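Here are the chains, one letter per residue:
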Amino acid sequence: MTDLRIAATQATPEIHTDHAAGLLTMRGDSYPENSFELFSPLLEWVDGFLASGDAPLTVNLHLLYLNTSSVKVMMDIFDALEDAHANGREVTVHWHYDQENERVAELAEEFREDCSFPFHIIKQ
Amino acid sequence: MPDQGPSAQSPTKGNHMEVLDLHALQQTYNEQRILLCFNGPLTRSLIEEIGKALRNYLQGENAAASAATDVFGAYIEMTQNIRHYAASKGWDDLEACATVVIARDLEGRYVVSAGNVVDAVDGTALAQQVNGLAALDKDALKTAYKMQLRKPRDEETGSGAGLGLIDMARRASQPLACVLRELPDGRAFFSLRVVI
């Protein structure tokens, strides 16, 4: 399985995957014009990881501002995690945020409302 | 002005090219408490660069992180909606023109406004959408947001503005407001205002 190591740009987050460790990390802002196109390799990676084996997946997020099309992509990722969780897969999300910016916590909280797997919102 | 040749050759034409009254412009900006404005073709990189300037400005003003995020968020959704709309019409980058203004009102609240030319029929639909959202309270907006989020990508409304508009309505401290001004050519100028 090919891992992703995508550097951040002004409008897109850093994305790292580590299939051996079962880790996905995203860090930064996300407001590209066409999020769906941009994030399709990430969606493919998540689907591929969840479709193979039974290793746990941990998602570590340090995301800040998301435009609505990025929110839609994140929802797709969380939906995939939710399906895997329903099938007995161990999945966990840690969303880290700066206590100065409560908007990030509110955003994370709204995603968590629709997820039944462990979803931790961590103040820093 | 790089294009000085023709006016130098044609003094009569040159007379029409009066020196812009920048002082009057400056006074208007000051009176309207305009922090930042842009008028012209909106490209992807311009959205990012102006966004960067906006963020720096807000940081310099020591705006609260949540307010800064809301102003930036409203700016991004508005400008990207305008770009998406132009693309959906098959217009090129030069036709994706917008007028964007970020100002403060008398109470010191940030006001993000943007306007663009739309087909009149789309403008009417947009105005209806905006007025519909303006009537919703925070809980109803959240429900509408989650419903819109769950819609498949290809079922989005023609303008594609649905989710962005709801997002702006949720960030706003006042109901969204818009003005639709009909133009003679079957188009209209649509202006949207978000008070943070």
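Residues numbered from 1 in each chain as written. Chains lettered and ligands numbered in written order. Predicted model: local features only at pLDDT ≥ 70, side-chain atom pairs only at ≥ 80, totals over all residues. Heavy atoms only, no water.

What follows concerns the interface of chain B and chain A. Contacts between the two partners involve 31 residues from chain B, matched on the other side by 25 residues from chain A. With a shortest N-O distance of 2.8 Å, Arg-150 of chain B and Asp-79 of chain A are connected by a salt bridge. The interface formed by chain B and chain A includes 17 residue pairs in polar contact (both at pLDDT 80 or more). At the level of secondary structure, the elements contributing two or more residues to the side of chain B that touches chain A comprise helix H4 (44–60), helix H5 (65–88), helix H7 (138–150) and helix H8 (162–171) of chain B. In terms of residues, the side of chain B that touches chain A owes the most to one element, H5 of chain B, which gives eleven residues. Of the residues belonging to the side of chain B that touches chain A, the class tally is seven nonpolar, seven polar and 17 charged. (Contact = heavy atoms within 4.5 Å. Salt bridge = Lys/Arg side-chain N within 4 Å of Asp/Glu carboxyl O. Polar contact = N/O pair within 3.5 Å; in protein donor to acceptor, adjacent residues only side chain to side chain. Helix = DSSP H or I, 4+ residues; strand = E, 2+ residues; numbered from the N terminus. Nonpolar A, V, L, I, M, F, W, Y, C, P; charged D, E, K, R; others polar.)

Moving on, we come to the state of the cysteines. For the structure on display, the rule yields zero disulfides over all chains. Among the cysteines around Cys-37 of chain B, which has no disulfide bond, Cys-97 of chain B carries the closest sulfur, lying 15 Å off. (Disulfide = S-S within 2.5 Å.)

Okay, the pattern of salt bridges next. Side chains bearing opposite charge may pair, as long as their charged atoms lie close to each other. Applying the stated criterion across every chain, the model contains 21 salt bridges over all chains. The partner of Glu-113 of chain A in a salt bridge is Lys-146 of chain B, and the shortest N-O contact between them spans 2.8 Å. A residue pair is termed interchain when its members come from two chains, as with Glu-113 of chain A in the loop between helix H3 (102–112) and strand S6 (119–123) and Lys-146 of chain B in helix H7. In this structure, a network of salt bridges that share partners links the residues Glu-102, Arg-103 and Glu-106 of chain A together with Asp-70, Asp-167 and Arg-171 of chain B.

This part covers the nonpolar core. Core analysis: the biggest nonpolar cluster contains 84 residues, and Phe-78, Trp-95 and Phe-111 of chain A together with Tyr-75 of chain B have the highest contact counts within it. With ten residues, H5 of chain B is the largest single contributor of residues to this core. Once you skip the residues sitting within four places of it in the chain, Phe-78 of chain A turns out to touch Leu-61, Val-93, Trp-95, Phe-111, Cys-115, Phe-117 and Phe-119 of chain A. (Core = buried A, V, L, I, M, F, W, Y, C linked by side-chain atoms within 4.5 Å. Buried < 20%, exposed > 50% of the residue type's maximum accessible area, 1.4 Å probe, protein only.)

What follows concerns the sheet that holds strand S3 (residues 110–119) of chain B. Sheets are built from strands that pair by backbone hydrogen bonding, the pairs being arranged parallel or antiparallel. Residue and element names in this part refer to chain B. Reading across the sheet, the five strands line up as S1-S2-S3-S5-S4 and stay open at both edges, with antiparallel pairing between neighbours. A single partner strand is all that each edge strand has here, and the edge strands are strand S1 (34–41) and strand S4 (177–182). Between one strand axis and the next, the sheet turns by 10 degrees as a mean value, whatever way the strands run. In this structure, strand S2 (residues 97–104) lies alongside S3, joined through six bridges in antiparallel fashion. Each bridged residue has a counterpart across the sheet, and for Val-101 the counterpart in S3 is Ser-113. On the sheet, helix H6 (residues 120–134) packs against S3, S4 and strand S5 (187–195) and is oriented at approximately 20 degrees with respect to S5. (Pairing = 2+ DSSP bridges. Axes fitted to C-alpha atoms, helices over the stretch in contact; angles between N-to-C directions.)

Take H4 of chain B next. All names here are of chain B. Between the first and last C-alpha of H4 there are 24 Å, a value that for 17 residues agrees with the 24 Å anticipated at 1.5 Å per step. Where H4 is concerned, the buried positions are Ile-47, Glu-48, Ile-50, Gly-51, Leu-54 and Leu-58. Looking at the packing, one finds that the buried side of H4 touches S1, H5, S2 and S3. Asn-62 lies just past H4 and shows a positive phi near 60 degrees. (Expected span 1.5 Å × (residues − 1).)

Right, let's talk about unusual backbone geometry for a bit. Not every positive phi belongs to a glycine, and Arg-33 of chain B is a case in point at roughly 50 degrees. Summarising the element assignment, Arg-33 of chain B is placed in the loop between helix H3 (22–31) and S1.

Moving on, we get to helix H1 (residues 35–51) of chain A. Residues and elements named next belong to chain A. The first and last C-alpha atoms of H1 sit 23 Å apart over 17 residues, in line with the 24 Å expected at 1.5 Å per residue. The sharpest bend along H1 measures roughly 40 degrees and falls at Pro-41. The secondary structure elements touched by the buried residues of H1 are strand S2 (14–18), strand S3 (23–30), strand S4 (57–66), helix H2 (68–86) and strand S5 (91–97). Of the residues one or two after H1, Gly-53 is the one with positive phi, at around 65 degrees. (Bend = angle between axes of the 7 residues up to and from the residue.)

With that out of the way, let us pick up the packing of aromatic side chains. As enumerated under the stated definition, the model contains ten aromatic pairs over all chains in all. Considering the side-chain rings of Tyr-65 of chain A and Phe-72 of chain B, the 5.3 Å spacing of their centres and the 80 degrees angle between planes classify their relative orientation as edge-to-face. Taken together, the residues span two chains, with Tyr-65 of chain A in strand S4 and Phe-72 of chain B in helix H5. We classify Tyr-65 of chain A as buried; its relative accessible area is 3%. (Phe/Tyr/Trp six-rings, centres within 6.5 Å; stacked < 30°, edge-to-face > 60°.)

Locating Gln-80 of chain B in the fold gives a position in helix H5. Within the local environment of Gln-80 of chain B, its side chain forms a polar contact with the backbone oxygen of Tyr-31 of chain A, the two atoms lying 2.8 Å apart. Gln-80 of chain B has contacts with Tyr-31, Pro-32, Glu-33 and Asn-67 of chain A together with Ile-47 of chain B, leaving out every residue within four places of it along the chain.

Interpretation note: all reported values are geometric properties and have no functional meaning in isolation.
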